[in-house]
Structures are given as structure tokens and as C-alpha cells.
Amino acid sequence: QVQLVQSGGGMVQAGGSLRLSCAASGRTFSDYAMGWFRQAPGKVREFVASITWSGGSTYYADSVKGRFTISRDNAKNTAYLQMNSLKPEDTAVYYCAAAGRRIPIEVMQTGVVNYWGQGTQVTVSS
């Protein structure tokens, strides 16, 4: 079992930045690819970004490409999502996720995930 505990988030004006963190415990962190998803009110949960177990490759949704950066620190058992140039349409509850390292990070966008974080609210005001 893997526990994912998220931190960060909050409220920011459009054009601002936020960083989300996702601390993992319970199993070897490097056994898992990591990802971020988000769910806006009244909408389905959507993929944001994913990263391989080593951090060597990343994959992004078109809507955040060039603005968001996913990263991880295996020594700290933590994944991050740096969000820059935030827009009001980025407002959502953000969830981190872990998937077995054999799962291609492009496949994570379909929701193939083993564990979820608790979610954290990000609100971008115009």
C-alpha cells in the first residue's frame, strides 16, 4: 500500500505560480511512475502530467504544456507540480497519483493509477 499526502495549493491571481507537493510512504517510491490529475466543478477528472519512476521522461496534457512542470525527488519520496502562468480555467481540485513503474506514462492519462492522493484545491482568480 502507498500513501500519498499532498500539500501546497491555495488561491492565486491569474499569471501567478503555485507548487504542489506529493509525499509518498509505504513502499519504494521509485517503484512508481507519478502523475497529477485535476477535477473542476461539474467536470470529469482530467490528466495533467506524468513522470517516469526515474524522472527521466515526462508527459503533459496540451492544456498545461509549457506552463506546468512535473518533477520528483526519489531521495525525498516526493513528487512536485510547478504551475506557472496560471489561468482561471486551471481552477480545480488537484490529485497526485502513483502507477506501477511498468505502466507507460502516456497510459496514465487514461486513469490507469494504483493510488491517489487526497486532493488539494487550486483557485485562480481573474
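Predicted, not measured: the structure shown is a model, and the values here were computed from it. (Residues numbered from 1 in each chain as written. Predicted model: local features only at pLDDT ≥ 70, side-chain atom pairs only at ≥ 80, totals over all residues. Heavy atoms only, no water.)

Peer 1: Can you break down the sheet that holds strand β7 (residues 68-73) residue by residue, with the values?
Peer 2: Judged by pairing direction, the sheet is antiparallel, and its four strands sit side by side in the order β1-β3-β8-β7 without closing on themselves. Two strands bound the open sheet, and with one partner strand each, they are β1 (3-8) and β7. In this sheet, neighbouring strand axes are inclined to one another by 15 degrees on average, regardless of whether the strands run parallel or antiparallel. Note that strand β3 (residues 18-25) and strand β8 (residues 78-83) share six bridges and pair antiparallel. From the neighbouring strand, Leu 20 faces β8, where its bridge partner is Leu 81. (Pairing = 2+ DSSP bridges. Helix = DSSP H or I, 4+ residues; strand = E, 2+ residues; numbered from the N terminus. Axes fitted to C-alpha atoms, helices over the stretch in contact; angles between N-to-C directions.)

Peer 1: Describe in detail the side chain of Arg 38, supporting the description with residues and values.
Peer 2: Inspection of the secondary structure assignment puts Arg 38 in strand β4 (residues 32-39). Among the polar contacts made by the side chain of Arg 38, one reaches the side chain of Glu 46 at a distance of 2.6 Å. Of the polar contacts made by the side chain of Arg 38, one reaches the side chain of Tyr 94; its length is 3.0 Å. Beyond its immediate chain neighbours, meaning those up to four positions away, Arg 38 contacts Val 44, Arg 45, Glu 46, Val 48, Ser 63, Val 64, Phe 68, Glu 89, Asp 90, Ala 92, Val 93 and Tyr 94. (Polar contact = N/O pair within 3.5 Å; in protein donor to acceptor, adjacent residues only side chain to side chain. Contact = heavy atoms within 4.5 Å.)

Peer 1: Can you lay out the pattern of salt bridges for me, pointing to particular residues and giving the numbers?
Peer 2: Counting across every chain of the model gives five salt bridges. Across the pair Arg 38 and Asp 90 runs a salt bridge, and its minimum N-O distance is 2.9 Å. One end of the pair, Arg 38, is in strand β4; the other, Asp 90, is in the loop between β8 and β9 (92-100), with 52 residues separating them in the sequence. Of the two residues examined, Arg 38 and Asp 90, each falls in the buried class. A salt bridge links Asp 90 to Arg 67, with the shortest nitrogen-to-oxygen separation between them at 2.7 Å. Taken as a pair, Asp 90 in the loop between β8 and β9 and Arg 67 in the loop between β6 (58-60) and β7 lie far apart in primary sequence, 23 residues in all. Summarising the burial analysis for this pair, Asp 90 and Arg 67 share the class buried. Residues joined by salt bridges that share partners form a network here, namely Arg 38, Glu 46, Arg 67 and Asp 90. (Salt bridge = Lys/Arg side-chain N within 4 Å of Asp/Glu carboxyl O. Buried < 20%, exposed > 50% of the residue type's maximum accessible area, 1.4 Å probe, protein only.)

Purely geometric stuff here, so don't read any function into it on its own.
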